[in-house]
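An overview of the molecular structure
What follows is the residue order along each chain.
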Amino acid sequence: MLDINFIRDNTETVLKGMKDKGESDLSLVDRVLEVDETWRSLVTKVDNLRAESNRKAKTIGELMSQGKKDEAQKIIKATSESKNEIKKLEEELDEFSRKRDDLLLRIPNVPHDSVPVGSTEEENTVFAEWGDIEEEGWRKPHWELADEHHWIDFERGVKVTGAGFPFYVGPLAKLQRALINFFIDEADQQGYRELQAPYFVNEESARGTGQIPDKEDMMYVIPRDGFYTIPTAEVPVTNFHRDEIFREDDLPVRYVAYTPCWRREAGSYGKDVRGLNRLHQFDKVELVKIVHPSSSYDELESLREYAESLLKKLELPYRTLLMCTGDMGFTQSKKYDLEVWSPGQKRWLEVSSCSNFTDFQARRMQLRYKNEKGKIEILHTLNGSGLALPRVVAALLETYQQEDGKVAVPIVLQSYMGSKWL
RNA sequence: GGAGAGGUGGCUGAGUGGUCGAAAGCGCUCCCCUGCUAAGGGAGUAUACCCCGAAACGGGUAUCGAGGGUUCGAAUCCCUCCCUCUCCGCCA
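Right, let's walk through the structure included here. (Residues numbered from 1 in each chain as written. Chains lettered and ligands numbered in written order. Predicted model: local features only at pLDDT ≥ 70, side-chain atom pairs only at ≥ 80, totals over all residues. Heavy atoms only, no water.)

**Section: the packing of aromatic side chains**
- Counting across every chain of the model gives 11 aromatic pairs.
- Arranged with centres 5.5 Å apart and planes meeting at 85 degrees, the rings of Phe-240 and Tyr-255 form a pair that is edge-to-face. On the criterion of sequence distance, the pair formed by Phe-240 in the loop between α9 (234-239) and β8 (245-247) and Tyr-255 in strand β9 (residues 253-262) is long-range, its members being 15 residues apart.
- Judged by relative accessible area, which is 44%, Phe-240 ranks as partly exposed.
- The structure contains a cluster of three or more aromatic residues connected by ring pairs, namely Phe-182, Phe-183 and Tyr-416.
- Directly above the ring of Phe-96 sits Lys-99, whose terminal nitrogen or CZ lies 4.7 Å from the centroid. (Phe/Tyr/Trp six-rings, centres within 6.5 Å; stacked < 30°, edge-to-face > 60°. Helix = DSSP H or I, 4+ residues; strand = E, 2+ residues; numbered from the N terminus. Buried < 20%, exposed > 50% of the residue type's maximum accessible area, 1.4 Å probe, protein only. Lys NZ or Arg CZ within 6 Å of the ring centre and 35° of its normal.)

**Section: a nonpolar patch on the surface**
- A cluster of nonpolar side chains, contributed by Val-160, Phe-167 and Val-169, occupies part of the molecular surface with about 240 Å² of accessible area.
- In this structure, Phe-167 sits in strand β3 (residues 167-168). (Patch = residues over 30% accessible without salt bridge, like charges linked within 9 Å, V, L, I, M, F, W, Y side chains within 5 Å. Areas by Shrake-Rupley, 256 points an atom, 1.4 Å probe, with all protein chains shown as cover. Salt bridge = Lys/Arg side-chain N within 4 Å of Asp/Glu carboxyl O.)

**What to know about the protein's contact with RNA strand B**
- Neighbouring RNA strand B are 21 residues, the closest being Thr-44, Asp-47, Arg-50, Ala-57 and Ile-60.
- Expressed as a percentage, the sugar and phosphate content of the atoms of RNA strand B within 4 Å of the protein is 68%.
- Contacts to RNA strand B include Thr-44, whose side-chain N or O atom sits 2.7 Å from a sugar or linking oxygen.
- Side-chain polar atom of Arg-50 to a sugar or linking oxygen of RNA strand B: 3.1 Å apart, as the coordinates give it.
- Of all the elements in the fold, those that place two or more residues in the surface near RNA strand B are α3 (27-65), α4 (69-105) and β14 (368-370).
- For the surface near RNA strand B, a count of residues per class yields eight nonpolar, five polar and eight charged. (Near = heavy atom within 4 Å. Polar contact = N/O pair within 3.5 Å; in protein donor to acceptor, adjacent residues only side chain to side chain. Nonpolar A, V, L, I, M, F, W, Y, C, P; charged D, E, K, R; others polar.)

**A word on the pattern of salt bridges**
- All chains considered together, the criterion is met by 25 salt bridges.
- For Arg-100, the salt bridge is made with Asp-36, and the minimal N-O distance between the two is 3.6 Å. Separated by 64 residues along the polypeptide, Arg-100 in helix α4 and Asp-36 in helix α3 bring together distant segments of the chain.
- Classification of Arg-100 as buried rests on a relative accessible area of 12%.
- Using a relative accessible area of 1% as the deciding quantity, one classes Asp-36 as buried.
- Linking Asp-359 and Arg-363 is a salt bridge whose minimum nitrogen-to-oxygen distance equals 2.7 Å. Take Asp-359 and Arg-363: they sit in the same class, and that class is buried.

**What to know about the sheet that holds strand β13 (residues 347-356)**
- Judged by pairing direction, the sheet is mixed, and its eight strands sit side by side in the order β1-β11-β12-β13-β16-β10-β9-β4 without closing on themselves. Two strands close off the open sheet at either side, each with one partner strand: β1 (125-130) and β4 (193-194).
- In terms of strand pairing, β4 meets β9 through two bridges, oriented parallel. Bridging from a neighbouring strand, Glu-194 pairs with Val-256 of β9.
- The strands that helix α10 (residues 296-313) touches are β1, β9, β10 (281-291), β11 (318-322), β12 (334-342), β13 and β16 (380-388); relative to β16, the one it contacts most, it runs at about 5 degrees.
- In this fold helix α12 (residues 389-400) packs onto β10, β12, β13 and β16, with an angle of close to 35 degrees to the strand it touches most, β16. (Pairing = 2+ DSSP bridges. Contact = heavy atoms within 4.5 Å. Axes fitted to C-alpha atoms, helices over the stretch in contact; angles between N-to-C directions.)

Everything listed here is a matter of geometry and, on its own, says nothing about what the molecule does.
Structure representation (structure tokens):
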């Protein structure tokens, strides 16, 4: 959510940002400004009326304690009339503040100046590339390999739960456990504090990070208890500090959390979703930062570099994309995607997405800090995957396979696996 | 799940219908004093929003778990919900 005052003072910037992000309804801005103006004039009116009735109530109190009941009675009569007027105006006030917030929630975050303007994924720019990519060759896709070794059981997953809920079997189950530990240990060394988070969240939390009302359909719902299963650890972890005020000295705050993630992925079928490419349940190690507004773009770069370092250590070729305005998403101001090369499928797979939300999430969540002058300001939030497991596993199986069908273990994982071969 | 008690400012805790945004203590910040240390004295110390103003300051409104109600007036009374604690039940 943007600050209404920011929109008032920087209307052109907001409009340009919306245009660049491909938002079709630019009239939102005019409407929100109009509604806000009405709201503010109503506030003034209501506040004045309430002030008057407070004054009268006080007078009545004084008269009563002096025993002047008749005089008090006179004022009571007069006051009860203005009560109705206040009530009516209060209802109107509520209506307008709701309207204003509705509109406000539909205005996207403003892209940073360094973000390329574009409308489709073709206009993302390649920010970095690492490793040699094999565009031809004998390598099998991971689902064939996994099938041969009976490492992933999709069929039984369908039987037990449904499509997109596979079992990982034997060495592959262990490999996932190894990756999770490796990712968390690496983050821990970089100063991220480990958090084990709830897998269900309530409605306020889903609203805080913006899954509601925007992306409600991505989550599974537990209606009886009013919970949502988390689509990413970002939701519980960022909400960890919701409604809190930090001391400036305590910043920045960095967390790492491993959780399963659940996504309904409604309507996605076909070859893009084969094997481990897209699942309803998957594991992810997520990084979250809560930082001083002045440092969020630096923190984004270090977040990106950190995520890249994981792929380097696993020796998996990757590229980093700087997402263009149109491909970036509603809440972000700048975003990098890391894509790992899948030599069996001859395509890139997204394994991490590192984003700066500036104050957009933090405002909705009332994540704030007190600066040196004692003034309260909104913080900035960032997050990034470090990393999402299934596609890393896919790329790893395909990259480390040998011609005889065996699969080697990356050097950094060998101590976790206790072996050199899967 | 059943029975009972309770939710007040950074913390402890007073306040059961009238000048309470809230006593007191602790903590924290600033100042003074004391030639170190300890102690002492003074001032300040919630959040959001509106109005005025360049700003400082000022004026106002709302908030005592959340929402609704009664009343001229609610932290205080009533209703609903949430949460915490104690006992019982159940249980990894």
